Amino acid sequence: MEVNMASMYILLLFGLVQLGLAQISSDKALVRVKRQGVNLTVTSVLSPPFLMEVKGAAASGYDRYEGFIKDILHEISKKIGMAYTLKVRVDNSYSGMITQLVNKEVDMAVGPITITSQRAAKVDMTKPFMNAGITIMMNRRDAVSELSSHSYSLDVVLRPFGPVVWVCIILAAFVVIGCFYLINRFDPNEKHACRHGDKKKETESEGEKELPFSFLACLWMVLGGLTIQGYTKRPQSAAALVLFFAWWVFCLIVFAFYVGGIMKSGIYGTTNPGRVSKFKSFDDLVRQTEVQFGTVDGGSTFQFFRTSKVEVYQRAARMMTMVPTLSEGVERVRKSRYALLAESPYVEYVSTKKPCNTMQVGGLLNSFGYGFGLPKGSPHKDAVNAAILQLQEDQILQMLFNKWWNEFEPCTKVSQPRESINDMDREQLYVASSLSMGNVGGVFIIFFVGIFLAMIVMLLEILVHRRRQAKKLDTPKEEKKDEQLLQEVAEA
């Protein structure tokens, strides 16, 4: 035991030493770059909001560009004291930037460069400055559907319960009708009440007659319980009273479930039909044929689908319609029935800009990080990594993200659908899920227990009635024997 504890202390000490050495190495790298007065040649591509050309700016110069990457690069230059010359590729090719790094034509490539094993094998990648993932961008008209007035007529009204529950409720109603009819025919207390009512026909008015439980009367009573309207006739037998009570408890609970489902679905007390997502999963997008989908040809997103081991992603890769650039993909989404598979930061940014007709559908299909690239064995890698870590610790990266994504959102007032393909468990859906037998099964258990008790009470009432009838039949015979005995005594 003491040896194990000593080993743990040694490993902990070793880890702290390694962490300290890494921090010292990073600090030394920062100091070394500051002293050297490095001037780096940096390449990048135009990709809103990471890097954009300022409208109306001069044809050349430092102020020609703006964006998230430009601000990060400025903060890094202040941290390590470097100067840089920014050169933007005309073709907006990420693979072209990697080729420049491999050929050592530039000192660093900046932008939303996905950190992959293939790129890390060719160049040095920095620590990620942002985490992202692949998601779906669609036109709002293709992504959501309106709940029209036709949906209100039947579908939404029946939605609180599933089909099995509705069938069971109807069967329960017919079971109650049958049980009331049986009690009316065979329970002696109920039959006696009916005969007693027949004797009063001459003295009672037509509206006050105590009518028996005919089939139509039973049906009317059951419907009155379902609609919480009540029934004027009171059963006379104990069995009918037990059944009547069980049916009313059942109807009250079912009515409460139904009203709760209607209110949860968001249609109670409003005339706005609302909007729901057409796609519940990525499989739905792959299976349908109305909306084409694809991504940038040769990009990291396509490589993810092409090399994926997941069967649905492999099938999607074979069905994709490629676009040459992201901007052309966005234009295709806006003008035709097309879904663009792209990285989430770009999709989030475009979806908040005019003309406000695109939206992100669902969550992330994977997760990765963005980093900067440097040539293999670059002496500036440690300094850049240290600067990125400091920017993260000082919350500067988060402030820059808020500046370019959360500010100036002209589309924030555009109504969003209340559900998406992967967020159904994170927010209340516009259309509530139908209740199944697993949700309301306890109500039917209470109902059938009430029916069982009513049948037991009816049998007891029949047995008691027969015993009373037997006693009434035996009493006249005993009286006749006594009279014969008296006559014999008198004659003697």
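Up top is the structure these notes are about.
Just so it is clear, the structure is predicted and the values come from calculations on it, not from any experiment. (Residues numbered from 1 in each chain as written. Predicted model: local features only at pLDDT ≥ 70, side-chain atom pairs only at ≥ 80, totals over all residues. Heavy atoms only, no water.)

## Some details on the overall build of the protein chain
At step 1: A count of helical and extended segments in the protein chain gives 19 helices and 14 strands.
At step 2: Residues counted as buried form 42% of the 492 residues belonging to the protein chain.
At step 3: Counting contacts in the protein chain only where the partners sit at least 6 residues apart, residues at least 24 apart contribute 77% of the total.
At step 4: Carbon and sulfur atoms provide 59% of the accessible area of the protein chain, an area that totals close to 28100 Å². (Helix = DSSP H or I, 4+ residues; strand = E, 2+ residues; numbered from the N terminus. Buried < 20%, exposed > 50% of the residue type's maximum accessible area, 1.4 Å probe, protein only. Contact = heavy atoms within 4.5 Å. Areas by Shrake-Rupley, 256 points an atom, 1.4 Å probe, with all protein chains shown as cover.)

## Description of the pairing of strand 1 (residues 39–44)
At step 1: By the bridge criterion, six bridges tie strand 1 to strand 4 (residues 83–88) in an arrangement that is parallel. Among the inter-strand pairings, T41 is bridged to a residue of strand 4, identified as T85.
At step 2: Sheet topology note: the strand 1/strand 5 (residues 108–114) ladder contains two bridges and is parallel. Across the sheet, residue V42 finds its bridge partner in strand 5, namely M108. (Pairing = 2+ DSSP bridges.)

## Regarding the nonpolar core
At step 1: Grouped together as the largest cluster of nonpolar side chains are 66 residues, with contacts concentrated most on I76, M108, F129, F282, F305 and F372.
At step 2: Looking at this core, the element that brings in the most residues is helix 2 (residues 68–80), giving six residues.
At step 3: Counting residues in hydrophobic clusters, the runner-up holds 28 residues, among them F180, V222, A239 and A240. (Core = buried A, V, L, I, M, F, W, Y, C linked by side-chain atoms within 4.5 Å.)

## Focus on the pattern of salt bridges
At step 1: The final tally for this structure, using the stated rule, is eleven salt bridges.
At step 2: Across the pair D71 and K403 runs a salt bridge whose closest N-O atoms are separated by 3.0 Å. Of the two residues, D71 is situated in helix 2 and K403 in helix 18 (residues 396–406); the sequence distance between them amounts to 332 residues.
At step 3: Owing to a relative accessible area of 16%, D71 belongs among the buried residues under this scheme.
At step 4: Residue classification places K403 among the partly exposed positions, given a relative accessible area of 34%.
At step 5: Residues participating in the shared-partner salt-bridge network are E331, R334 and K335. (Salt bridge = Lys/Arg side-chain N within 4 Å of Asp/Glu carboxyl O.)

## Section: the side chain of S308
At step 1: When you line up the elements, S308 lands in the loop between helix 13 (300–307) and helix 14 (311–319).
At step 2: Residue class for S308 comes out buried when judged on its relative accessible area of 9%.
At step 3: The contact partners of S308, leaving out residues within four places of it in the chain, are Y313 and Q314.

## Here we look at helix 2
At step 1: Helix length check: helix 2, at 13 residues, gives a terminal C-alpha distance of 19 Å against a target of 18 Å (1.5 Å per residue), a fit within 8%.
At step 2: A large share of helix 2 lies buried, amounting to ten of its 13 residues.
At step 3: Taken together, the buried positions of helix 2 are F68, I69, K70, D71, I72, L73, E75, I76, S77 and I80.
At step 4: Taken from the residues just after helix 2, G81 is the one with a positive phi, measuring 70°. (Expected span 1.5 Å × (residues − 1).)

## Looking at the side chain of R119
At step 1: Relative to the helices and strands, R119 is located in helix 4 (residues 117–122).
At step 2: Buried R119, no salt bridge; nearest opposite-charge side chain is E343, N-O distance 6.4 Å.
At step 3: Other than its neighbours up to four places away in sequence, R119 contacts Y94, I98, I113, T114 and S300. (Lys, Arg positive; Asp, Glu negative; His and termini not counted.)

## Regarding the packing of aromatic side chains
At step 1: Per the stated rule, a full pass over the model turns up 22 aromatic pairs.
At step 2: When the centroid spacing of 6.3 Å and the interplanar angle of 50° are considered together, the rings of F68 and F129 count as tilted. Placement of F68 in helix 2 and of F129 in the loop between strand 6 (124–125) and strand 7 (130–132) is noted, with a sequence separation of 61 residues between them.
At step 3: Judged by its relative accessible area of 1%, F68 falls in the buried class.
At step 4: For the ring pair F304 and F305, a centre distance of 5.1 Å and an interplane angle of 80° mean the geometry is edge-to-face. (Phe/Tyr/Trp six-rings, centres within 6.5 Å; stacked < 30°, edge-to-face > 60°.)

## Details of unusual backbone geometry
At step 1: Here the amide bond leading from P48 into P49 is cis, since omega sits at -5°, within 30 degrees of zero.
At step 2: Positionally, P49 belongs in the loop between strand 1 and strand 2 (52–53).
At step 3: In this chain, K354 is followed by P355 through a cis amide linkage whose omega measures 15°.
At step 4: Tracing the sequence through the fold places P355 in the loop between helix 16 (344–351) and strand 13 (358–361).

## Some points on the sheet that holds strand 13
At step 1: Ordered in space as 11-12-8-13, the four strands form an open sheet in which the pairing is mixed. Bordering the open sheet on either side are strand 11 (292–294) and strand 13, each of which pairs with just one other strand. Going across the sheet, the axis of each strand differs from the next one's by a mean of 30°, ignoring polarity.
At step 2: Packed onto the sheet, helix 13 meets strand 8 (134–139) and strand 12 (338–343) and runs at close to 100° relative to strand 12. (Axes fitted to C-alpha atoms, helices over the stretch in contact; angles between N-to-C directions.)

## Concerning helix 13
At step 1: For helix 13, every residue scored as buried is listed here: S300, T301, F302 and F305.
At step 2: Among the structural elements, strand 5, helix 4, strand 8, helix 12 (282–287), helix 14 and strand 12 are those in contact with the buried residues of helix 13.

## Concerning the environment of T352
At step 1: Relative to the assigned elements, T352 resides in the loop between helix 16 and strand 13.
At step 2: Residue classification places T352 among the buried residues on the basis of a relative accessible area of 16%.
At step 3: With 54 residues separating them along the chain, T352 and N406 place their C-alpha atoms 8.9 Å apart.
At step 4: In terms of polar contacts, T352 uses its side chain to reach the backbone carbonyl oxygen of Y349, at 2.8 Å. (Polar contact = N/O pair within 3.5 Å; in protein donor to acceptor, adjacent residues only side chain to side chain.)

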